[in-house]
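# Close look at the chain arrangement
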Amino acid sequence: MSFELFREGGPLQAKKTGQDQYSMSVSIPKDEDGRSARECPNQECSPGYFKVTPGTGITGQTIAYCPYCRKSAEPSDFHTKEQIRYAKELVAREARIGIERAMREALGLGSGGKRRLVDGLISVDLEIKSSPPSHVWRPYEDILRRDLICPHCTLDHSVYGFGVWCPDCGKDIFTAHVQGEIRVIESIVGDIDRRKKELGSRVAARDLENALEDLVSVFEATLKMEIRRHRKAKGDGDDAIDAIMKKIGSRLQSISNAIAIIPDFCDGQSLCAPDCEDQKKLDLVFQKRHPITHNLGVVDRKYIDKVRSGEVEGTEVRVEKAEILETAKITRRILLEFHNKLFTI
Ligand SMILES: [Zn+2]
Ligand SMILES: [Zn+2]
């Protein structure tokens, strides 16, 4: 007996394409902003997960790129495991419906699923119980993300962590990510006056402290990524690079230390000239974050000895709004210039 497992059409637009062969189309759900998820086919890639807005960027794209490791492959190779599971479950659901239908037809069961066969003394009740088609879960989506439009091909996409490459055109858009991160900090700082009015001066002060902490994090994380990428391009293996990063430790949280050590790891390339104005300014502000984070804003003697900034022990270290915005500007300039020095396009 032969039966058609799938009927043509239906929710998946099934089409018979050959003996026991069907083609079906599953539309991948988008998030509330119209983006659909992608996953790098390289298993080693981390975080390997990103999103793109269909219809932006390159049309008729034949090659897609991973924003983290630049693996290139056909766009369909970037479907996420969740999307593949989702598609398979939708197809399995249709198959179960098809099998059930075929069984009803074969057994001559009515729509109620029951038939009584009477043959002499034996009566057999046949019944088919249909279980409701199982619910198909939508792909799980992470809520932490960074949105970006590629300055080269206008692809609207999201990454989770720092991305380097545009998923559509494959160009280096690392500095766009860095600028995006700094812009987030600037917009938090830009909202301080309203927050102060609404939530009080302590909240506004903590916002500024957090913004400074975030700025130092962006500075350190960016330099770490640049060094990693530079070493990788030089042919260093992951173990050798990990050893270098261990050696560097947290020293890139200080601009003076960064200026001193970067040439050693980047073939003599300097972050910026030693003792330049930018260094003095950033040193002063970056240093403020130690008493803020370790001591809840109370200056200790070590800090005073180190910076000799005129703050008096026991008083709160003030981080001013203008100071953070100026620091953000300098940080952005230093990081962009360094990137262009290290990776001339
Ligand atoms: Zn990747
Ligand atoms: Zn692009």
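Residues numbered from 1 in each chain as written. Chains lettered and ligands numbered in written order. Predicted model: local features only at pLDDT ≥ 70, side-chain atom pairs only at ≥ 80, totals over all residues. Heavy atoms only, no water.

## Examining the environment of K15
Stated formally: Helix numbering and strand numbering both begin at the N terminus, where a helix is a DSSP run of H or I of at least 4 residues and a strand a DSSP run of E of at least 2. Exposure classes here rest on a 1.4 Å probe applied to the protein chains alone. A residue is buried below 20% of its type maximum, exposed above 50%, and partly exposed in between.
By the secondary structure assignment, K15 is in strand β1 (residues 15-18). For K15, a relative accessible area of 51% corresponds to the exposed category. Counting along the chain gives 10 residues from K15 to S25, while the straight-line C-alpha distance between them is 9.2 Å.

## Remarks on the sheet that holds strand β3 (residues 36-39)
Quick note on the threshold: Strand pairing follows a simple DSSP-based rule, namely that at least 2 bridges must link the two strands. Only C-alpha atoms enter the line fits that serve as axes; for helices the fit covers just the stretch in contact. Angles between N-to-C directions range over 0 to 180 degrees.
Here 4 strands make up an open sheet; going across it, the order is β3-β4-β10-β9 and the pairing antiparallel. Each edge of the open sheet carries a strand with a single partner, namely β3 and β9 (146-149). The mean angle between the axes of side-by-side strands here comes to 30°, regardless of whether they run parallel or antiparallel. Relative to strand β10 (residues 156-159), strand β4 (residues 49-52) is paired through 3 bridges, and the arrangement is antiparallel. Among the inter-strand pairings, V52 is bridged to a residue of β10, identified as H157.

## Some points on the pattern of salt bridges
To be explicit about the condition: Any Lys or Arg side-chain nitrogen found within 4 Å of a carboxyl oxygen on Asp or Glu counts as a salt bridge.
By the definition in use, this model includes 25 salt bridges. Between D193 and K321 there is a salt bridge whose closest N-O contact spans 3.0 Å. Of this pair, D193 sits in helix α3 (residues 192-199) while K321 sits in helix α9 (residues 321-342), placing them 128 residues apart in sequence. On the basis of relative accessible area, D193 is assigned to the partly exposed category, the value being 46%. Residue classification places K321 among the partly exposed positions, given a relative accessible area of 26%. Two residues, D267 and K234, come together in a salt bridge whose shortest N-O distance is 3.4 Å. Of this pair, D267 sits in the loop between α6 (255-265) and α7 (277-295) while K234 is found in the loop between α4 (201-233) and α5 (238-248), placing the two residues 33 residues apart along the sequence. By relative accessible area, D267 is classed as partly exposed at 48%. Where salt bridges share partners, they join R35, D147 and D156 into one cluster.

## Thoughts on the confidence of the model for the chain
Caution applies to low-pLDDT parts of the model: their predicted coordinates are not meant to be read in detail. Quick note on the threshold: Along the chain, pLDDT gives the predictor's confidence residue by residue, from 0 to 100.
Within the chain, residue pLDDT values average 84, and 81% of them lie at 70 or more. Ranking the helices and strands of the chain by mean pLDDT puts strand β5 (residues 64-65) first, with 96, and strand β8 (residues 122-127) last, with 61.

## Section: the nonpolar core
Which entries qualify depends on this criterion: For this analysis, a nonpolar core means a set of buried residues of the types Ala, Val, Leu, Ile, Met, Phe, Trp, Tyr and Cys, connected via side-chain atoms within 4.5 Å. In this analysis, two residues are considered to be in contact whenever any of their non-hydrogen atoms come within 4.5 Å of each other.
Formed by 46 residues in total, the largest nonpolar core has its most connected members in F219, L223, I227, I262 and L271. Every element with two or more residues in this core is listed here: α2 (174-190), α4, α5, α6, α7 and α9. A per-element tally of this core places α4 first, with 10 residues. Excluding its chain neighbours within four sequence positions, the residues that come into contact with F219 are L252, S254, I255, A258, L271, L282, F286, T331, I334 and L335.

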